[in-house]
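# An overview of the molecular structure
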Amino acid sequence: TQLLEQSPQFLSIQEGENLTVYCNSSSVFSSLQWYRQEPGEGPVLLVTVVTGGEVKKLKRLTFQFGDARKDSSLHITAAQPGDTGLYLCAGVSGSARQLTFGSGTQLTVLP
Amino acid sequence: SAVISQKPSRDICQRGTSLTIQCQVDSQVTMMFWYRQQPGQSLTLIATANQGSEATYESGFVIDKFPISRPNLTFSTLTVSNMSPEDSSIYLCSVKDRPNEQFFGPGTRLTVL
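A brief report on the enclosed structure follows. Everything numeric in this text was worked out from a predicted model, so none of it was measured.

To continue, consider the pairing of strand β5 (residues 44–49) of chain A. Residue and element names in this part refer to chain A. Across the six residues of β5, five count as buried, placing the element largely inside the fold. Here strand β4 (residues 29–37) pairs with β5 via five bridges, running antiparallel. Note on β5: the bridge partner recorded for R36 is V44. Taking the residues that link successive antiparallel strands as the turn, the β4-β5 hairpin has six residues, and the phi of G40 there is positive, at about 80 degrees.

Once that is clear, we can look at the interface of chain B and chain A. Taken together, the contacts link 21 residues of chain B with 20 residues of chain A. Around 1500 Å² of area is buried between chain B and chain A when both sides are counted, 53% of it from carbon and sulfur atoms. Of all residues in chain B, S42, N100 and F104 of chain B give up the largest surface area on contact with chain A, accounting jointly for 30% of the area buried on that side. Here chain B and chain A share zero salt bridges between them. If you look at where chain B meets chain A, you find four residue pairs in polar contact (both at pLDDT 80 or more). Among the elements of the structure, β4 (31–37), β5 (43–49), β9 (89–98) and β10 (101–104) of chain B are those that each provide at least two residues to the side of chain B that touches chain A. The class makeup of the residues in the side of chain B that touches chain A is nine nonpolar, eight polar and four charged.

Here we take up the sheet that holds strand β3 (residues 19–25) of chain B. Residue and element names in this part refer to chain B. Strand order in this open sheet of four strands is β1-β3-β8-β7, and the pairing throughout is antiparallel. Since the sheet does not close on itself, it has two edges, and those belong to β1 (4–7) and β7 (68–72), each with one partner. Taking the axes of each pair of neighbouring strands and ignoring which way they run, one obtains an average angle of 15 degrees across the sheet. For β3 and strand β8 (residues 75–80), the ladder comprises six bridges, and the chain directions are antiparallel. Paired with L19 across the strands is V80, a residue of β8.

Turning to the state of the cysteines, a few remarks are in order. Residue and element names in this part refer to chain A. A complete count under the given rule lists two disulfides over all chains for this structure. Here C23 connects covalently by a disulfide to C89, the sulfurs 2.0 Å from one another. Judged by the sign of its S-S torsion, about 75 degrees, the cystine formed by C23 and C89 is right-handed. In this pair, C23 sits in strand β3 (residues 19–24) while C89 sits in strand β9 (residues 85–93), placing the two residues 66 residues apart along the sequence. Like C89, C23 is buried.

Here we take up the nonpolar core. Core analysis: the biggest nonpolar cluster contains 43 residues, and F101 of chain A together with W34 and Y35 of chain B have the highest contact counts within it. Of all the elements in the fold, those that place two or more residues in this core are β9 of chain A together with β3, β4, β5, β8, β9, β10 and β11 (108–112) of chain B. With sequence-adjacent residues up to four places away left out, Y35 of chain B is seen in contact with L99 and F101 of chain A together with L43, T44, L45, I46, I90, Y91, L92, S94, Q102 and F104 of chain B. I13, F63, L74 and V109 of chain A belong to the second largest nonpolar core, which has 22 residues in total.

Let us now look at the packing of aromatic side chains. Using the criterion set out here, one finds nine aromatic pairs over all chains in the structure. Between Y35 of chain A and F104 of chain B, the ring centres sit 5.4 Å apart and the planes meet at 85 degrees, which makes this aromatic pair edge-to-face. One end of the pair, Y35 of chain A, is in strand β4; the other, F104 of chain B, is in strand β10, on a second chain. Between F101 of chain A and F104 of chain B the ring centres are 5.7 Å apart and the planes differ by 70 degrees, which places this aromatic pair in the edge-to-face class. On the criterion of chain membership, the pair formed by F101 of chain A in strand β10 (residues 100–101) and F104 of chain B in strand β10 is interchain, its members lying in two chains. By relative accessible area, which is 3% here, F101 of chain A ends up buried. Looking at F104 of chain B, the relative accessible area reads 10%, which means it is buried. Of the aromatic side chains, those joined through ring pairs into one cluster are Y35 and F101 of chain A together with F33, Y35 and F104 of chain B.

Cut-offs used in this document
- Residues numbered from 1 in each chain as written.
- Chains lettered and ligands numbered in written order.
- Predicted model: local features only at pLDDT ≥ 70, side-chain atom pairs only at ≥ 80, totals over all residues.
- Heavy atoms only, no water.
- Buried < 20%, exposed > 50% of the residue type's maximum accessible area, 1.4 Å probe, protein only.
- Helix = DSSP H or I, 4+ residues; strand = E, 2+ residues; numbered from the N terminus.
- Pairing = 2+ DSSP bridges.
- Contact = heavy atoms within 4.5 Å.
- Buried area = accessible area lost by both parts, 1.4 Å probe.
- Salt bridge = Lys/Arg side-chain N within 4 Å of Asp/Glu carboxyl O.
- Polar contact = N/O pair within 3.5 Å; in protein donor to acceptor, adjacent residues only side chain to side chain.
- Nonpolar A, V, L, I, M, F, W, Y, C, P; charged D, E, K, R; others polar.
- Axes fitted to C-alpha atoms, helices over the stretch in contact; angles between N-to-C directions.
- Disulfide = S-S within 2.5 Å.
- Core = buried A, V, L, I, M, F, W, Y, C linked by side-chain atoms within 4.5 Å.
- Phe/Tyr/Trp six-rings, centres within 6.5 Å; stacked < 30°, edge-to-face > 60°.

Listed below in structure tokens is the structure:
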């Protein structure tokens, strides 16, 4: 069973549209990270959230950490083709020292 | 953030052979990890590379198949031994140099024929 469930798994939208990706778990996370990965490259860290209810913005990307620190969302406004990639959430829970990764969301933004 | 390089970037190998992947970091880091990723899918942790001691392997991964070295705080190797086509994957080195931030190398794309 995947500790972190992401939805949707695949998303194809037109340039200019808005979208939200969800990352859900039954476990509490001390911190949660969002990554974007492009073909042939390693995941690139976008943001880290650590406080329940925290909201962080990175240009057109808005990240939210749930109040109970069990879920998170990534909202992209006015998506662009350059946003295309695999989006991964990952978190540290309990006494673990390493990240547990979500199942991933493959986003395609069509021009 | 730490800058991570991996060698080789990709390789095509024959069944039954072994490949050693190198990971170099531009600064000393305490924690280094090795992950495996099927194309388009999420990451699975293979092991934590411990400096000066044996690596800590996750369930489903064993030292005989994936021996790991960590001779110092900036370098690690992962060997994929006695390869089969099921080992075809992307192998990623990762480091944690701050409490809540983990960074990844560019990956090594392995194809086993």
